[in-house]
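# Per-entry structural report
Given next are the chains, with one letter for each unit.
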Amino acid sequence: MNIAANNLYSELQSMSQQAVKFESDPTALATNKASGANFGDMLQQAIDNVNGLQQNTSALRTSFDQGDRSVSLSDVMIASQKSSVAFDATVQVRNKLVESYKEIMSMPV
């Protein structure tokens, strides 16, 4: 259950720099391919992350159920909540994407 705070901090700094660049030149973000991946890749990475969290939770739950003393109930519950929150966020993103798609499809041509 280690959260890589340094990685998260560096990612936030990178996003902040991109936002500053975008404010000065709105086309800079679209032309800078080295700074990030496309939306599909980011979405796939997010789904893979949620899947990994759920698999980790399942493994911890199974270990705890089998009596593994190295796994505490609090570890299982924390992992369960993390995967639940990540899954709920993914569902909300999916709902917004579907809503946007329906709105675009209902526009007159």
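Residues numbered from 1 in each chain as written. Predicted model: local features only at pLDDT ≥ 70, side-chain atom pairs only at ≥ 80, totals over all residues. Heavy atoms only, no water.

## Quick notes on the overall build of the protein chain
Regarding its fold elements, the protein chain presents four helices and zero strands. Helices (α) and strands (β) of the protein chain occur, in sequence order from the N terminus, as α-α-α-α. Within the protein chain, the proportion of its 109 residues that are buried is 8%. The long-range fraction of contacts in the protein chain, counting pairs at least 24 apart against all pairs at least 6 apart in sequence, stands at 50%. For the protein chain, the accessible area works out to roughly 8,900 Å², and carbon and sulfur atoms hold 58% of it. (Helix = DSSP H or I, 4+ residues; strand = E, 2+ residues; numbered from the N terminus. Buried < 20%, exposed > 50% of the residue type's maximum accessible area, 1.4 Å probe, protein only. Contact = heavy atoms within 4.5 Å. Areas by Shrake-Rupley, 256 points an atom, 1.4 Å probe, with all protein chains shown as cover.)

## A word on a nonpolar patch on the surface
Taken together, the side chains of Phe 39, Met 42, Val 93 and Leu 97 present a nonpolar region at the surface, about 360 Å² in accessible area. Elements supplying a minimum of two residues to the nonpolar patch: helix H3 (39-65) and helix H4 (73-105). If you trace the backbone, Met 42 turns up in helix H3. When its relative accessible area of 45% is taken as the criterion, Met 42 is described as partly exposed. (Patch = residues over 30% accessible without salt bridge, like charges linked within 9 Å, V, L, I, M, F, W, Y side chains within 5 Å. Salt bridge = Lys/Arg side-chain N within 4 Å of Asp/Glu carboxyl O.)

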